[in-house]
Amino acid sequence: MSPNGQATTERNAENKSGSKTKVIVHMPAYNAAKTLIKTWNEIDKDLVSEIILVDDCSKDDTVAVASNLPIKVIRHPHNVGYGGNQKTGYAEALRDGADIVIMLHPDYQYDPLKIPDMVAPILRGEADIVLGSRFLGGGALKGGMPMYKFVANRFLTTVQNMVLGTNLSEFHTGYRAYSRRFLETVPFLRNSLAFVFDAEILCQASYFGFKIAEIGVETRYFAEASSISFWNSVKYGMGVLRTLAKYAGAKAGLIKCDLFRP
Ligand SMILES: Nc1nc2c(ncn2[C@@H]2O[C@H](COP(=O)(O)OP(=O)(O)O)[C@@H](O)[C@H]2O)c(=O)[nH]1
Ligand SMILES: [Mg+2]
């Protein structure tokens, strides 16, 4: 145990050259009191060196529940949004020496048991980003994804693949792994504070030439696992299209954009 109580087991993952790799899980939390322990229970504590929960000024008991677990808890003094939450989490994970950072939502929507599969492509040196895709294996609707989200996801993913020249099954999952090299190269602190952060960071991945791998994951939709409103989903979709326009403009040398400035 470290002085502030987080678990620091050292049976870390091994990369392809056989050296130890420090895996840190970042949980972006907002009103996750009811689902946090269930999520935490299923994290492989031998593989994962540290868990950092960033609470974005939740209205429920998230901080109280989290403080009883052997994890690092950071509380924002005010609500900044999902992108702002990730900025705090990734900056802290890098400061703590992470080689791989996994974002895992504490709402029990994604399966924590898949963490070993999420880190494997990075350990093998095949990619710097791994996405847990709900569309590999076709379980998104089965898991309860609302139809409007399904349709929007298919439309946006098609446009994103066309613009970025990729062939991914989806871009909108909240289950992701990033290598240290990636997080130290792309200027993610300049990204949005809102949900569109997730789209911006994948455009940055393409822009800076990083490889993205995917693994299939299940998704679970239930009341506590999904609180984003219809209006916020629409705003997110518009933001994705705006980000793609910026990417295309920057790539063609027509505009200068901080997201793509090294
Ligand atoms: N930081 C922050 N995170 C939020 C906020 N609202 C939702 N989240 C988090 O964003 C993630 C996705 O939100 P969620 O409602 O689960 O969306 P969905 O599962 O895609 O329908 C979850 O981990 C939430 O905890 C917020 O205002 N601030
Ligand atoms: Mg969710």
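This write-up is about the structure you can find in this document. (Residues numbered from 1 in each chain as written. Chains lettered and ligands numbered in written order. Predicted model: local features only at pLDDT ≥ 70, side-chain atom pairs only at ≥ 80, totals over all residues. Heavy atoms only, no water.)

## Observations regarding the coordination of the magnesium ion (ligand 2)
Six octahedral donors at a metal ideally form angles of 90 or 180 degrees, and four tetrahedral donors ideally form angles of 109.5 degrees. Definition in use: Atoms of type N, O and S within 2.8 Å of a metal are treated as its donors, and for Na, K and Ca the window is 3.2 Å; water is not considered, so some sites may appear to be missing partners. Exposure classes here rest on a 1.4 Å probe applied to the protein chains alone. A residue is buried below 20% of its type maximum, exposed above 50%, and partly exposed in between.
Coordination of the magnesium ion (ligand 2) by the protein is provided by D107 (OD), Q109 (OE1) and A225 (O), with metal-donor distances spanning 2.0 to 2.1 Å. Positions of the donor residues of the magnesium ion (ligand 2) along the chain correspond to the pattern D-x1-Q-x115-A. Overall, the relative accessible area of 6% leaves Q109 in the buried class.

## Let's talk about the site of ligand 1
Our working rule: If even one non-hydrogen atom of a residue comes within 4 Å of a molecule or strand, that residue is called near it. By the criterion applied in these results, polar contacts are pairs of N or O atoms within 3.5 Å in which, for protein atoms, one can donate a hydrogen and the other can accept it, and in which residues neighboring in sequence qualify only through two side-chain atoms. Shrake-Rupley sampling with a 1.4 Å probe provides the accessible areas, and residues are treated as covered by the protein chains on show and by no other component. Residues are grouped as follows: nonpolar covers Ala, Val, Leu, Ile, Met, Phe, Trp, Tyr, Cys and Pro; charged covers Asp, Glu, Lys and Arg; every other residue, Gly included, is treated as polar.
D56, Q109, K149, S226 and S227 are the nearest of the 17 residues found near ligand 1. Here a nitrogen atom of ligand 1 and a side-chain polar atom of N85 are 3.3 Å apart. S227 is positioned such that a nitrogen or oxygen atom in its backbone is 2.6 Å from an oxygen atom of ligand 1. Protein chains bury 88% of the 570 Å² of accessible surface belonging to ligand 1 in isolation. Tallied by class, residues from the shell around ligand 1 come to 7 nonpolar, 7 polar and 3 charged.

## Concerning the packing of aromatic side chains
Where we set the bar: Each aromatic pair joins two rings of Phe, Tyr and Trp (for Trp, the six-membered one) with centres within 6.5 Å, and gets the label stacked for planes under 30 degrees apart, edge-to-face for over 60, and tilted for any other angle. Numbering of helices and strands runs from the N terminus; a helix is a DSSP stretch of H or I covering at least four residues, while a strand is a stretch of E covering at least two. Whether a charge sits over a ring depends on NZ of Lys or CZ of Arg being within 6 Å of the ring centre and within 35 degrees of the ring normal.
Scanning all chains against the criterion turns up 13 aromatic pairs. Here the aromatic rings of Y207 and Y247 are separated by 6.2 Å at their centres, their planes lie at 80°, and the arrangement is edge-to-face. Linking Y207 in helix 7 (residues 197-207) with Y247 in helix 8 (residues 230-251), this pair joins segments that are 40 residues apart in sequence. Of the residues examined, Y247 reaches a relative accessible area of 4% and is grouped as buried. Here the aromatic residues Y90, Y178, F182, F188, F197 and F210 are joined through ring pairs into a cluster of three or more. The cationic tip of R154 hangs over the ring face of F135; the distance from NZ or CZ to the ring centre is 3.7 Å.

## Describing the nonpolar core
Here is the rule: Take the buried Ala, Val, Leu, Ile, Met, Phe, Trp, Tyr and Cys residues and link them wherever side-chain atoms come within 4.5 Å; each set so joined is a nonpolar core. Contacts were defined at the residue level, with two residues in contact if any of their heavy atoms lie within 4.5 Å.
Counting residues in hydrophobic clusters, the biggest one holds 35 residues, and the most contacted among them are Y90, I129, F182, L183, F188 and I201. Looking at this core, the elements with two or more residues in it are strand 4 (48-55), helix 3 (82-95), strand 6 (100-103), strand 7 (129-133), helix 5 (147-164), helix 6 (180-185), helix 7 and helix 8. Once residues lying within four places of it in the same chain are set aside, the contact partners of I129 are A177, Y178, F182, L202, A205, F210, K211, I212 and A213. Counting residues in hydrophobic clusters, the runner-up holds 34 residues, among them V48, L104, V119 and V217.

## Focus on the pattern of salt bridges
Put simply, the rule reads: Take a side-chain nitrogen of Lys or Arg and a carboxyl oxygen of Asp or Glu: if they are within 4 Å of each other, that pair is a salt bridge.
Applying the stated criterion across every chain, the model contains 12 salt bridges. Note that R124 and E126 form a salt bridge whose closest N and O atoms lie 2.8 Å from each other. Residue classification places E126 among the partly exposed residues on the basis of a relative accessible area of 43%. R180 is paired through a salt bridge with E184; the nearest N and O atoms lie 3.0 Å apart. Residue R180 and its partner E184 are located together in helix 6, separated by 4 residues, close to a single helical turn. Given a relative accessible area of 23%, R180 falls into the partly exposed group. By sharing partners, the salt bridges in this structure join E50, K72, E92, R95 and D96 into a single network.

## Digging into the pairing of strand 6
Applicable threshold: A pair of strands is treated as paired once DSSP finds two or more bridges between them.
Burial along strand 6 is two-sided: the face carrying I100 and I102 and the face carrying V101 and M103 are both buried. Sheet analysis places strand 3 (residues 23-29) next to strand 6, joined by 4 bridges and oriented parallel. Its bridge partner lying in strand 6, H26 is registered against M103. Pairing analysis gives 4 bridges linking strand 6 to strand 8 (residues 176-179), with the strands arranged antiparallel. Looking across to strand 8, one finds that M103 is bridged to R176.

## Details of helix 4 (residues 115-123)
Restricting attention to buried positions, one finds in helix 4 the residues I115, M118, V119, P121, I122 and L123. Remark: G125 follows helix 4 within two positions and exhibits a positive phi of approximately 75°.

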